[in-house]
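Observations on chain architecture
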Amino acid sequence: MSWTDLGAGVFVKRYEAGDLNVAAIVGPNGVTIVDTQGSPAEAQELMDDVAQRFNMPVVAVINTHAHYDHSFGNSVFANLGVPIFGHHRIPSHYADFEGPRLAAWQADPACEPDKQWEKVLLTIPTVLIDQSMTLTSSGRDITCMPISRGHTDTDLAVVVPDARVWLLGDLVEESGPPMFGSGSWPLDWPIALDEVLLGLRPGDLIVPGHGQVVDRAFAMRQTSALHGVADAIRGSRAAGHSIEEASHAADLPWPEWMLRSAFEQGFSHLGTAPHGSV
């Protein structure tokens with residue numbers, strides 16, 4: 001697929017691997033890339049696409065969160081000296097989730113051999129963000145805002161203010177229901193999105209991690225559905241239901257296997273402190 005121009009120098013390309021959206025934010029001094037795909041080979045493809053389409057240097061990379069399909073291409077950019085920006089909890093997420101996942105894949109060469117897992121080198125961002133900051137290296141403002149835990153505890157909202165474009169990673173998904181993946185916080189996720197919605201205007205564009213570009217109304221509907229999941233988890237736990245009973249009985253727009261993951265994580269988290277800070 002080709003790059004889609006969202007206006008004011010913000011471009012999005014949907015890659016076949018994982019139906020992943022990658023953004024290129026073009027300024028007078030160069031291009032900022034948002035997310036690096038899931039392997040060095042995919043990241044090199046991205047680099048080649050950027051060079052061919054924009055003929056400008058890549059001056060910065062931003063990871064929307066720690067998951068492998070959004071950050072396992074980091075090493076290609078790091079080797080070129082491109083600064084990589086990401087949430088300050090990415091190192092701990094890598095240690096707990098993506099590192100063990102990668103080790104398991106590398107131990108089984110037959111596991112998706114096209115991914116070339118043996119060539120993946122976990123590369124944490126060179127700049128770890130623990131509060132809102134604005135990047136200016138491309139010659140235009142790009143704001144990176146750590147978000148309270150939700151899809152993971154490493155989520156960033158990337159905002160291009162002059163274009164009114166928000167890049168939210170997998171906090172919002174269009175190509176399918178939001179995924180309760182590794183390191184997910186299903187009880188807190190809708191609260192995190194409530195916070196994001198406060199800054200969104202009706203005409204703003206939202207680039208989800210996967211799928212078509214959406215708007216504030218779509219994000220509101222997805223937030224409402226996520227509140228339904230959180231309410232179901234709390235209600236089922238209070239009623240003494242098992243995870244299997246709860247996920248099977250839940251009348252929610254998710255496949256049962258996805259809901260089971262949400263209920264497993266939610267039941268586990270109910271004993272922890274409420275709603276984490278960034």
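All values reported here derive from a predicted model rather than from experimental measurement.

Considerations on the pattern of salt bridges
Tallied over the full model, the rule gives eight salt bridges. Between E98 and R101 there is a salt bridge, with the nearest N and O atoms lying 3.3 Å from each other. Here R101 and E98 lie together in helix α4 (residues 90-107), a separation of three residues that amounts to about one turn. Residue E98 is classed as buried on the basis of its relative accessible area of 0%. For R101, a relative accessible area of 26% translates into the label partly exposed. D188 is paired through a salt bridge with R149; the nearest N and O atoms lie 2.4 Å apart. Residue D188 is located in the loop between β11 (165-167) and α5 (189-199), and its partner R149 is located in the loop between β9 (142-146) and β10 (156-160); the two are separated by 39 residues in the primary sequence. No difference in accessibility class separates D188 from R149, as the two residues are buried.

Considerations on the sheet that holds strand β8 (residues 133-135)
Pairing is mixed in the open sheet, where five strands are placed in the order β8-β9-β10-β11-β12. The sheet terminates laterally at β8 and β12 (205-207), the two strands that pair on one side only. On average, adjacent strands in this sheet sit at an angle of 25° to one another, irrespective of strand direction. Bridge count between β9 and β10: four bridges; the pairing is antiparallel. Its bridge partner being in β10, M145 is matched across the sheet by A157.

Calculation criteria
Residues numbered from 1 in each chain as written. Predicted model: local features only at pLDDT ≥ 70, side-chain atom pairs only at ≥ 80, totals over all residues. Heavy atoms only, no water. Salt bridge = Lys/Arg side-chain N within 4 Å of Asp/Glu carboxyl O. Helix = DSSP H or I, 4+ residues; strand = E, 2+ residues; numbered from the N terminus. Buried < 20%, exposed > 50% of the residue type's maximum accessible area, 1.4 Å probe, protein only. Pairing = 2+ DSSP bridges. Axes fitted to C-alpha atoms, helices over the stretch in contact; angles between N-to-C directions.

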